[in-house]
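One letter stands for each residue in the lines below.
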Amino acid sequence: CGRSSTCLAHRIRVAHRSPLPSRRKANGYFSAGRFREAVAMYSAALDLLEKYEPPSSQEAGDVQRPQEGGVDGAGDETEAMQLKTTLLANRAAAMLKLEEWRHVIDDCSEALRFDPKHCKAMLRRGFAYARLKVWAKAARDLEQAVVAEPGDKKAKAELQMARRMLQEQTKEARDRARRVMLDPTRQQSMPTRRLTVRVQRTPLAGGAGYGAEPSAASAPAPAAAPPKSGLDDLDDATGPSASSTAPAPAAERRPYVPRAVRMRGRQPSAAQAAL
């Protein structure tokens, strides 16, 4: 700087806009048990780092790297994102004390966007899921936290409880489904499938159009009746041809005669053979 007073004024402005003082104040409030004041200071510090996003969510050509010791007072981009991750995890810890479970999940999920292996964020989100009785997600987060820090006894105890509650929840759901299926008063219902039937109309002959009434000219002429023969003529029952039109009597059924008996009947007798 050309003038010392100008450089001093610039450093004062940077100090006021830096998230580091807000972080220190927030940590002090948290240690004193003043969790709402701590949340407010963590939020004020995060507002100064709002422009920083994880590298995976930025376009390759749109990444802007601030200079060392930029106007945000957070150093380079890597340090700024690490600071933002820490602030999110700390604000989640304050929200955990205030039993704001949804906010805890939101802050921890945002911190895990910047650092997927952040153990404290994973652990606190698992605690929040357990308080909301979302046992499957709680067990998943707590398992990862225990793998990262095997010596954390509180995390292990919380994981055991989440697994036990998940098993009980699964068993209860199965029992409820079994009771519904075996309920004699339950109405049997089959899922129905709705079929859409479309009637396709074909144009009528003669250009009458779809669905139009056929005109007298375009209507087909009735087929001529074939000439009647004498067998088709109907007479009165008393006429001479009444007997000809009467149905023929059914043929008499002969009794069955075995083939051997029939063959013996065809052979000539001894007297006939002597002649």
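Whatever comes next refers back to the structure up there.
Here the structure is a predicted model, which is why all the values come from computation and not from measurement.

Reading guide: rules and limits
Residues numbered from 1 in each chain as written. Predicted model: local features only at pLDDT ≥ 70, side-chain atom pairs only at ≥ 80, totals over all residues. Heavy atoms only, no water. Helix = DSSP H or I, 4+ residues; strand = E, 2+ residues; numbered from the N terminus. Buried < 20%, exposed > 50% of the residue type's maximum accessible area, 1.4 Å probe, protein only. Contact = heavy atoms within 4.5 Å. Areas by Shrake-Rupley, 256 points an atom, 1.4 Å probe, with all protein chains shown as cover. Lys, Arg positive; Asp, Glu negative; His and termini not counted. Salt bridge = Lys/Arg side-chain N within 4 Å of Asp/Glu carboxyl O. Phe/Tyr/Trp six-rings, centres within 6.5 Å; stacked < 30°, edge-to-face > 60°. Lys NZ or Arg CZ within 6 Å of the ring centre and 35° of its normal. Core = buried A, V, L, I, M, F, W, Y, C linked by side-chain atoms within 4.5 Å. 1 Å grid on protein atoms, 1.4 Å probe; cavity = no way out; pocket = protein on both sides within 12 Å on 5 of 7 lines; lining within 4 Å. Points joined across faces, edges and corners; volume = space filled by probe spheres on them. Nonpolar A, V, L, I, M, F, W, Y, C, P; charged D, E, K, R; others polar.

A. Structural detail: the overall build of the protein chain. For the protein chain, the helix and strand inventory stands at eleven helices and zero strands. The 275 residues of the protein chain split such that 25% are buried. Expressed as a percentage of contacts within the protein chain between residues at least 6 apart in sequence, the contacts between residues at least 24 apart total 52%. Counting every atom, the protein chain has about 21,400 Å² of accessible surface; 53% of that belongs to carbon and sulfur.

B. Molecular detail of the side chain of lysine 84. For lysine 84, the position within the fold is in helix H4 (residues 77-97). Buried lysine 84, no salt bridge; nearest opposite-charge side chain is glutamate 53, N-O distance 4.3 Å. Those residues in contact with lysine 84 that lie beyond four places of it in its chain are Leu46, Leu49, Glu50, Tyr52, Glu53 and Phe114.

C. The arrangement of the pattern of salt bridges in detail. This model, assessed by the stated rule, comprises ten salt bridges. Among the salt bridges present, the one from arginine 140 reaches aspartate 141, with a minimum N-O distance of 3.5 Å. Arginine 140 sits in the partly exposed class, given a relative accessible area of 38%. Through salt bridges that share partners, Glu53, Glu110 and Arg113 make up one connected network.

D. Local environment of the packing of aromatic side chains. With the rule as written, the count across this model stands at one aromatic pair. Look at phenylalanine 30 and phenylalanine 35: their rings are 5.4 Å apart centre to centre, the planes differ by 70 degrees, and that puts the pair in the edge-to-face class. Overall, the relative accessible area of 27% leaves phenylalanine 30 in the partly exposed class. Lying across the ring of phenylalanine 114, arginine 113 places its NZ or CZ 6.0 Å from the centre.

E. Region of the structure containing the nonpolar core. Core analysis: the biggest nonpolar cluster contains 40 residues, and Leu49, Leu87, Val104, Leu123, Leu142 and Ala162 have the highest contact counts within it. Listing elements by their share of this core, those giving two or more residues are helix H3 (35-47), H4, helix H5 (101-114), helix H6 (119-131), helix H7 (135-148) and helix H8 (153-182). For this core, the leading source of residues is H4, giving eight residues. Other than its neighbours up to four places away in sequence, valine 104 contacts Ala92, Met95, Leu96, Arg124 and Ala128.

F. Local environment of the layout of surface pockets. For the largest pocket, the calculated volume is near 250 Å³. If you go around the largest pocket, you meet 13 residues; those closest to its centre are Leu96, Lys97, Arg124, Phe127 and Lys154. When contributions to the lining of the largest pocket are tallied by element, the ones reaching two or more residues are H4, H6 and H8. When residues in the lining of the largest pocket are grouped by element, the largest group, four residues, is from H6. Of the residues belonging to the lining of the largest pocket, the class tally is seven nonpolar, no polar and six charged.

G. Inspection of the environment of tyrosine 42 at higher detail. Note on placement: tyrosine 42 falls in helix H3. We classify tyrosine 42 as buried; its relative accessible area is 2%. In the structure, tyrosine 42 is positioned 18 residues away from arginine 24 in sequence and 9.2 Å away in space, judged by C-alpha atoms. In this view, tyrosine 42 contacts Arg23, Ala26, Asn27, Phe30, Leu87, Asn90 and Arg91; residues no more than four positions away in its chain are not counted.

Just geometry here; none of it tells us what the structure is for.
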